[in-house]
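# Structure assessment
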Amino acid sequence: AIPRARNELLAAELRLIDARRWFRRVFQRGKIPEREAAVRACTAALNDLEVRRDGAFVDAEFMLADAARAAFNALAEAFEQVAASSRIWDVTTEEFTDRRATRSAAGRELDRVVVRFAISRDPILQTESKVLVLANANGPAMFLYPGFLLMLTDRQIALVDLREVQLRYEPVRFVEAEALPPDAVVVDYTWAWCNKDGTRDRRFANNYQVPVVRYGRITIRSATGVNEEYQISRDEAAQ
């Protein structure tokens, strides 16, 4: 709402400037008061929205033991390394494949969407603690705080105790048919179409090699319904 109000104010100001130009005043003199009133109304509306926005924040201070604070700070440092990876994908769907039928070296097919991780400002809480933000391609973003995970939707706020969250890392071999991220580690090569033993399927004249890379796989799950999987191009950072 605030960006829209700012745009409306800018448009009103431009209309007023246009009406005040000397060569326009002859024809638009009567419109100047009307446009001045429109600028005042847009300014008041924007100020009201900004006041309401500022009042919507909740001040929060996390009282942590020294060991817990050190652990969260270490997590935040590792998170920043992951956020700097060339590619982060949110895995939205997964389907295991019949390699004999597809003639592919890949054991599963994924739908992936490039997303970003960032340390950012939370739309609800005002806190000096770092807020770790994990984008979600098919749902609300996840805001990670010391002690809980926050997910914000249009209608409600969901809080999940971190003690209920299971975070797991594992390295995965992935047949990368898309552009190769510069920080990915190539561990092998395979063929676009291959036999069961991995050798080239010579029935395809245009068969070509594709890289097999090692990515970091991070899953975040909870009994309350959190179920996210991410692929990180820089496996070392993910680990």
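These remarks concern the structure in this document. What you see is a predicted model; the values in this text were computed from it and never measured.

The rules behind the values
Every chain is numbered independently, its residues counted from 1 as its sequence is written. In keeping with the model being predicted, local features are shown solely for residues with a pLDDT of at least 70 and side-chain atom pairs are shown and tallied solely at 80 or more, while totals for entire chains, interfaces and linings include all residues. For side-chain calculations, the full set of non-hydrogen atoms in the structure is used, while hydrogens and water are omitted. For cavity detection a 1 Å grid was placed over the protein atoms alone, and a set of points counts as a cavity when a 1.4 Å probe fits there but cannot get out; an open set counts as a pocket when protein lies on both sides within 12 Å along at least five of seven lines, with lining residues being those that have an atom within 4 Å of a point. Grid points are joined across faces, edges and corners, and a volume is the space filled by probe spheres set on the points. Runs of H or I in DSSP of at least four residues are treated as helices and runs of E of at least two as strands, each being numbered from the N terminus. Note that Gly is not counted as nonpolar here; it falls among the polar residues with everything else outside the nonpolar set of Ala, Val, Leu, Ile, Met, Phe, Trp, Tyr, Cys and Pro and the charged set of Asp, Glu, Lys and Arg. To form a nonpolar core, buried Ala, Val, Leu, Ile, Met, Phe, Trp, Tyr and Cys residues must be joined to one another through side-chain atoms within 4.5 Å. Only protein chains enter the calculation, and the probe is 1.4 Å; a residue is then buried if its accessible area is under 20% of its type maximum, exposed if over 50%, and partly exposed in between. Classification of ring pairs uses Phe, Tyr and Trp, with its six-membered ring standing for Trp, and accepts pairs whose centres are within 6.5 Å; under 30 degrees between planes counts as stacked, over 60 as edge-to-face, and the remaining range as tilted. By definition, two strands form a pair when at least two bridges between them are found by DSSP. For helices, the fitted axis covers only the stretch in contact; all axes are lines through C-alpha atoms, and the angles between them, taken along N-to-C directions, range from 0 to 180 degrees. Pairs of residues are marked as contacts when any of their non-hydrogen atoms sit within 4.5 Å.

## Examining the layout of surface pockets
Considered as a void within the structure, the second largest pocket measures approximately 430 Å³ in volume. Forming the boundary of the second largest pocket are 20 residues, of which Leu75, Phe79, Leu144, Leu167 and Ile218 lie nearest the centre. Of all the elements, helix α4 (residues 66-83) adds the most residues to the lining of the second largest pocket, at 4 residues. A breakdown of the residues in the lining of the second largest pocket according to their chemical character gives 19 nonpolar, 1 polar and no charged.

## Observations concerning the nonpolar core
Nonpolar side chains in soluble globular proteins tend to be buried together. Counting 22 residues, the largest nonpolar core has Phe117, Leu134, Met142, Ile220, Tyr230 and Ile232 as its most contacted members. Those elements giving two or more residues to this core turn out to be α4, β6 (132-134), β7 (142-144), β8 (148-152), β12 (209-222), β13 (227-232) and α6 (235-238). Core analysis: the second largest hydrophobic core is formed by 8 residues, Trp89, Val172, Ala184 and Tyr215 among them.

## Some thoughts on the packing of aromatic side chains
Under the counting rule described, the total for this entry stands at 5 aromatic pairs. Taking 5.5 Å as the distance between ring centres and 10° as the angle between the ring planes, the aromatic pair formed by Phe79 and Phe117 counts as stacked. A residue pair is termed long-range when its members are at least 10 positions apart, and Phe79 in helix α4 and Phe117 in strand β4 (residues 117-119) qualify at 38 residues. Comparing Phe79 with Phe117 shows no difference in burial state: the two are buried.

## Focus on the sheet that holds β6
Ordered in space as β4-β6-β7-β8-β9, the 5 strands form an open sheet in which the pairing is antiparallel. Looking at strand neighbours, the two that pair on one side only are β4 and β9 (157-161), the edges of this open sheet. Shown here is a sheet whose adjacent strand axes are inclined to one another by a mean of 20°, direction ignored. Note that β8 and β9 share 5 bridges and pair antiparallel. Paired with Leu149 across the bridge in β9 is Val160. Running over the sheet, α4 touches β4, β6 and β7 and is turned about 135° from β4.

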